[in-house]
Amino acid sequence: MPAGLEPDAVGFVPPAPLPPENHRSMLSLALRMTRSQIEGWPRAIYEADTWKAPVPGGALFVMSREAVGAVLNEQADHFSTGALFRRMMRPAWGRGILTAQGHDWRVQRRAASGAFRPAEMARLAPFFAQAAERTIKRWTASPGEPVDLLNEMTRLTFDVILEATLSGAADFDRVTMSAAVEGLFRRINRIRVSAVLMPDRYHEGRKSARTPEREALLAMIGRMVARRRGAPPAGDLVDLLIKARDPEIGAAFDDELLADNLLGFILAGHETTSLALTWALFLTASHPPTLRRLRAEVETVAGGASIAPEQVTKLHFARQVVSETLRLYPPAFMLTRVAGRDTNVAGHRVKAGQRINLPIYAIHRRADVFPDPHAFDPDRFDAERPQPSRYSYLPFGAGPRICLGASFAMAEAVTVLATLIRAVDLQPVAASQVWPVAQLSLRPRGGMPMIVRAKESSNGKHRHWG
Ligand code: HEM
């Protein structure tokens with residue numbers, strides 16, 4: 001067990017790179033950065049308001065509340081995600097919300113926002129609970145065997161997003177679909193170093209990578225959308241999006257945009273949420289006081305029954321655990337922007353074309369905002385306590401481009417966490433090996449092997465499954 005990982009201690013500090021000592025040279029940090037970006041961030045990124053990488057064309061890191069607010073919100077029109085980002089994401093999103101800009105983005109975003117309201121998302125609870133129950137059933141087949149929790153959660157969240165976007169996908173070949181989604185995902189993640197080194201304007205108007213999987217997936221989704229337009233509602237995201245209208249100009253999604261966005265949701269929605277769940281289960285399994293409180297809450301709210309839509313918002317402590325997990329291990333550990341024109345951010349002159357990095361992982365570990373910042377303490381998010389400002393805690397981003405699926409992800413994570421911990425005991429196979437690495441998202445190095453057993457009853461015996 002690594003230093004600090006003492007399950008019953010009050011200050012439980014889970015494994016993660018901490019701010020390095022000031023004496024480390026830039027070269028040693030740069031070498032660490034090749035392993036995992038966050039390992040190479042100097043101490044200043046955790047403490048200063050802004051920091052500029054000391055190389056020609058280096059990114060400006062922005063950390064203070066004021067500067068983050070300026071880039072993501074007040075001056076959002078001058079800071080786009082950039083041409084490289086859009087070029088990479090187009091194979092998944094086509095003309096959909098994530099890659100759209102200006103008027104096209106505004107109309108789609110306004111229309112979809114109604115569909116993604118928290119109340120609508122809680123209504124999807126049966127999709128979340130049933131997927132977790134199916135996972136428990138699968139685990140019963142091999143009790144005591146180690147499973148890779150990250151794989152398991154990826155499978156679960158993929159199941160959820162398919163059910164919620166394609167309603168059971170009854171006439172889809174799931175295996176083909178899942179292979180195509182994985183293939184597409186791999187291609188998108190394969191960024192060439194040369195692409196990142198070129199100035200952003202180089203990517204403007206350049207073609208995206210060829211992705212044959214996209215055509216196959218769009219054809220499947222297109223057929224489903226055509227059939228659903230005339231069919232009775234199924235209570236899923238497709239219904240909500242078919243009904244969605246821009247409240248200002250009444251525009252609806254046409255078939256092509258509906259398919260682009262559904263494919264985008266499938267890709268954006270399942271990987272991030274599976275990481276959040278994997279880390280939340282690791283933290284809960286490593287900290288008995290949290291596990292006990294969580295189980296007591298689920299027992300009071302839902303007893304042994306499936307978690308119902310109206311119960312999701314009553315699982316206050318489960319939500320606190322997910323929020324604290326997203327603070328310590330934010331899947332989107334850094335956001336990037338490119339300045340569209342010369343401007344000024346928190347007293348810094350910023351030239352058009354300047355890359356801006358918002359290091360969420362470090363912003364979430366600022367001692368001036370979160371006392372004892374590396375310790376796991378879900379009570380930070382107790383509604384009775386003062387909450388961090390929206391620019392100090394931003395696992396879902398902030399401003400007009402804030403994650404559209406945040407309520408979906410929170411409702412899913414709370415329901416699945418509650419359903420799983422009620423039924424099983426989880427034990428990391430090698431807690432000392434657990435370590436977050438920053439690739440495209442913040443992932444546990446080598447997955448998350450865990451032993452899963454039916455939950456121990458109060459007399460210390462393992463209950464039967466089922
Ligand atoms: C724990 C899970 C999730 C995390 C941590 C997460 C994180 C984020 C972040 C940080 C952004 C903003 C990116 C930026 O400003 O550059 C974003 C945008 C977005 N996310 Fe999520 N996300 C999650 C789950 C989901 C789900 C489940 C969906 C859909 C079902 C979704 C759909 C989107 C969309 C459509 C956008 C783009 C919004 C826009 O540009 O207007 N996300 N997400």
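Q: So what's going on with the sheet that holds strand β9 (residues 424-428)? Residues and values would help.
A: If you walk across this open sheet you meet the 3 strands as β4-β12-β9, and the pairing is antiparallel. Of all the strands in the sheet, the pair left with one neighbour each is β4 (146-148) and β9. Neighbour-to-neighbour, the strand axes of this sheet turn through a mean angle of 40°, independent of strand direction. Here β4 runs beside strand β12 (residues 449-454); their pairing, made up of 3 bridges, is antiparallel. Among the inter-strand pairings, Asp148 is bridged to a residue of β12, identified as Pro449.

Q: Could you give me a rundown of the environment of Arg90, with the residues and numbers involved?
A: Within the fold, Arg90 resides in helix α4 (residues 83-93). Between the C-alpha atoms of Arg90 and Tyr329, which are 239 residues apart in sequence, the distance is 27 Å. Once residues lying within four places of it in the same chain are set aside, the contact partners of Arg90 are Thr99 and Ser208.

Q: Residues and numbers for the pairing of strand β8 (residues 355-358), please.
A: In the sheet, strand β2 (residues 60-62) pairs with β8 via 2 bridges, with the strands oriented parallel. When the sheet's bridge partners are listed, Phe61 is paired in β8 with Asn357.

Q: Account for the packing of helix α7 (residues 125-140) against helix α18 (residues 406-423), naming residues and giving values.
A: Two elements in contact, α7 and α18, have axes whose closest approach is 9 Å; the angle formed by their N-to-C orientations is 35°. Considering only the axes of α7 and α18, their crossing is right-handed. Together, Ala125, Phe128, Ala129, Ala132, Glu133 and Ile136 of α7 and Ala411, Glu412, Thr415, Val416, Thr419, Leu420 and Ala423 of α18 make up the contact between the two elements. Classifying every residue of the contact of α7 with α18 by side-chain character gives 9 nonpolar, 2 polar and 2 charged.

Q: Requested: an account of unusual backbone geometry, with residues and values cited.
A: In this structure, Ala346 is a non-glycine residue whose phi angle is positive, near 45°. The residue Ala346 is located in the loop between β6 (343-345) and β7 (348-350) in this model. Its 17 C-beta neighbours within 10 Å are what place Ala346 among the partly exposed residues. Even without being a glycine, Asp372 presents a positive backbone phi close to 50°. Tracing the backbone shows Asp372 in the loop between α17 (360-363) and α18. Residue Asp372 is classed as exposed on the basis of its 12 C-beta neighbours within 10 Å.

What counts, and where the lines are drawn
Residues numbered from 1 in each chain as written. Predicted model: local features only at pLDDT ≥ 70, side-chain atom pairs only at ≥ 80, totals over all residues. Pairing = 2+ DSSP bridges. Helix = DSSP H or I, 4+ residues; strand = E, 2+ residues; numbered from the N terminus. Axes fitted to C-alpha atoms, helices over the stretch in contact; angles between N-to-C directions. Contact = placed C-beta atoms within 7 Å. Left-handed = near helix turned anticlockwise from the far one by under 90°. Nonpolar A, V, L, I, M, F, W, Y, C, P; charged D, E, K, R; others polar. Buried ≥ 20, exposed ≤ 12 C-beta atoms within 10 Å, placed from the backbone.

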